[in-house]
Amino acid sequence: MGFLAAAIAVGLAAVGAGVGNGLIVSKTIEGVARQPEARSTLQTIMFIGIALVEAIPIIAVVIAFMASAQ
């Protein structure tokens, strides 16, 4: 039962990260389309945002492994 809960938790974290990354990239593309001269600034901020969003599923995997090991 613990492994099933861990799999669900990791799956939901991955879906949430996918949605979050999609929103970040789409808004960055919108910003570049509106102001092409701000491309480098927006791209830097986008990469920082994606890195922060990708940390969430990694943390979820660690927590799921710790919870299912007990």
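Look up: the structure comes first, before these words.
Residues numbered from 1 in each chain as written. Predicted model: local features only at pLDDT ≥ 70, side-chain atom pairs only at ≥ 80, totals over all residues. Heavy atoms only, no water.

Got a sec to walk through a nonpolar patch on the surface? Specific residues and values, please.
A cluster of nonpolar side chains, Met-1, Leu-4, Ile-8 and Leu-12, forms an exposed patch at the surface whose accessible area comes to about 500 Å². Looking at the element boundaries, Met-1 is found in the segment before helix H1 (2-34). Assessed through its relative accessible area of 83%, Met-1 is described here as exposed. (Patch = residues over 30% accessible without salt bridge, like charges linked within 9 Å, V, L, I, M, F, W, Y side chains within 5 Å. Areas by Shrake-Rupley, 256 points an atom, 1.4 Å probe, with all protein chains shown as cover. Salt bridge = Lys/Arg side-chain N within 4 Å of Asp/Glu carboxyl O. Helix = DSSP H or I, 4+ residues; strand = E, 2+ residues; numbered from the N terminus. Buried < 20%, exposed > 50% of the residue type's maximum accessible area, 1.4 Å probe, protein only.)

Residue-level account of the pattern of salt bridges, with values.
For the structure shown, the criterion picks out 1 salt bridge. Across the pair Glu-30 and Lys-27 runs a salt bridge, and its minimum N-O distance is 3.9 Å. You can see Glu-30 and its partner Lys-27 sitting in helix H1, 3 residues apart, about one turn around the helix.

How would you summarise H1 if you had to cite specific residues and measurements?
Helix length check: H1, at 33 residues, gives a terminal C-alpha distance of 48 Å against a target of 48 Å (1.5 Å per residue), a fit within 8%. The set of residues buried in H1 consists of Ala-6, Ala-13, Ala-17, Gly-20, Asn-21, Thr-28 and Gly-31. Considering only its buried residues, H1 is in contact with helix H2 (39-69). (Expected span 1.5 Å × (residues − 1). Contact = heavy atoms within 4.5 Å.)

Describe H2, and please don't skip the residues or the numbers.
Between the first and last C-alpha of H2 there are 45 Å, a value that for 31 residues agrees with the 45 Å anticipated at 1.5 Å per step. Along H2, the positions that sit buried rather than exposed are Met-46, Gly-49, Ile-50, Val-53, Pro-57, Ala-60, Ala-64 and Ser-68. Looking at the buried positions of H2, the neighbouring elements they touch are H1.

Break down the environment of Ile-29 for me, with residues and values.
Examined against the element boundaries, Ile-29 turns out to sit in helix H1. Taking the C-alpha atoms as reference, Ile-29 lies 12 Å from Ser-40; in sequence the two are 11 residues apart.

Help me get a handle on the packing of H1 against H2, residues and values and all.
Remark: H1 packs on H2, axes separated minimally by 9 Å, with the N-to-C direction vectors making an angle of 175 degrees. In terms of orientation, H1 lies roughly antiparallel with respect to H2. Its residues assigned to classes, the contact of H1 with H2 comprises 16 nonpolar, 7 polar and 2 charged. (Axes fitted to C-alpha atoms, helices over the stretch in contact; angles between N-to-C directions. Parallel < 35°, antiparallel > 145°, perpendicular 65-115°, else oblique. Nonpolar A, V, L, I, M, F, W, Y, C, P; charged D, E, K, R; others polar.)

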